[in-house]
Amino acid sequence: MEKLLELTSVSYSYHSLKGETLALSNINFTVHKGEFVAIVGPSGCGKTTLLSLLSGLLEPEHGSILLYGQKLFEKGNGTIGYMLQHDHLFEWRTIEENVLLGPEIQKRLTPRKREAVSDMLKTYGLYKFKDAKPSQLSGGMRQRAALIRTLALEPELLLLDEPFSALDYQTRLTVGDDIGSIIKKEKKTAVLVTHDLSEAVSLGERIIVLTKRPGTIQKIIPTVFPANLSPLERRNTPEFKDYFNQLWKEMSENE
């Protein structure tokens, strides 16, 4: 598999008048093209800081982050899409106008781009709501629209910062299944940060477990499920329980 992302000896500290706080220390891992990697760890271990480093919002104090073999800051972050906890759709724009916002800002809103986005809206069940305002959609539909908005930029890497945490449990399961399946269908590479161990197991092909602060890598757990199962279907397999228990044990040792 082609190596898309590579972190080598990455560390990062926050600085204030009170001193220095080491958030992440000696982080090493790779992400291959088309892979879905989940990151878990106790609160305050630096998961969101890690995503900020991967997005280019922060620069590592030590170590390097390479995207296709080039330093992230040299390549730029235009090939990286970031999906946040809240959809941040603009109420004064229709769903179609919201999902086209990125190409519009980048002045890349071509007829081909409009057609590609229209096809995604049709494929993922939102086309008949394209002229609706965000408040007219359910939370799950809004998150689907937010993902299409991110995919419209054709990112090589998707960063997902607990994108389902604002949803109720049942909707969270459904939307997690939808978005995991969409990412797989679109053959995108994704890194997910989550507190939900079940979510990590159902979506991740590898799960990176971070220690408490300063965050270091405690373990990387590869997952293997029967082929062509959706994230929701994974939850009904014997393998799911085994991986969940293994992950729970690692997290318990973190306490």
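No experiment lies behind these values; they were computed from the predicted model shown.

Engineer: Describe in detail the sheet that holds strand 2 (residues 19-32), supporting the description with residues and values.
Structural biologist: In any sheet, the strands associate via hydrogen bonds between backbone groups, in a parallel or an antiparallel arrangement. In spatial order, the strands read 2-1-4-5; together these four strands make up an open sheet with antiparallel pairing. Only two strands of the sheet have a single partner each, and these edge strands are strand 2 and strand 5 (70-71). Here strand 4 (residues 62-67) pairs with strand 5 via two bridges, running antiparallel. Residue pairing across strands places L66 opposite K71, the latter belonging to strand 5. Packed onto the sheet, helix 1 (residues 47-55) meets strand 1 (3-16), strand 2 and strand 4 and runs at close to 120° relative to strand 1.

Engineer: Help me get a handle on the pattern of salt bridges, residues and values and all.
Structural biologist: Per the stated rule, a full pass over the model turns up eleven salt bridges. Of the charged contacts, one joins R142 and D87 as a salt bridge, the two residues approaching to 2.8 Å between their closest N and O atoms. Highlighted residues: R142 in helix 6 (residues 139-151) and D87 in the loop between strand 6 (80-83) and helix 3 (95-99), separated in sequence by 55 residues. Note on D87: relative accessible area 12%, which makes it buried. A salt bridge links K130 to D131; the shortest N-O distance between them is 3.5 Å. Since its relative accessible area comes to 55%, D131 is described here as exposed. Taken together, the shared-partner salt bridges connect R112, K113 and E154 into one network.

Rules used in this analysis
Residues numbered from 1 in each chain as written. Predicted model: local features only at pLDDT ≥ 70, side-chain atom pairs only at ≥ 80, totals over all residues. Heavy atoms only, no water. Pairing = 2+ DSSP bridges. Helix = DSSP H or I, 4+ residues; strand = E, 2+ residues; numbered from the N terminus. Contact = heavy atoms within 4.5 Å. Axes fitted to C-alpha atoms, helices over the stretch in contact; angles between N-to-C directions. Salt bridge = Lys/Arg side-chain N within 4 Å of Asp/Glu carboxyl O. Buried < 20%, exposed > 50% of the residue type's maximum accessible area, 1.4 Å probe, protein only.

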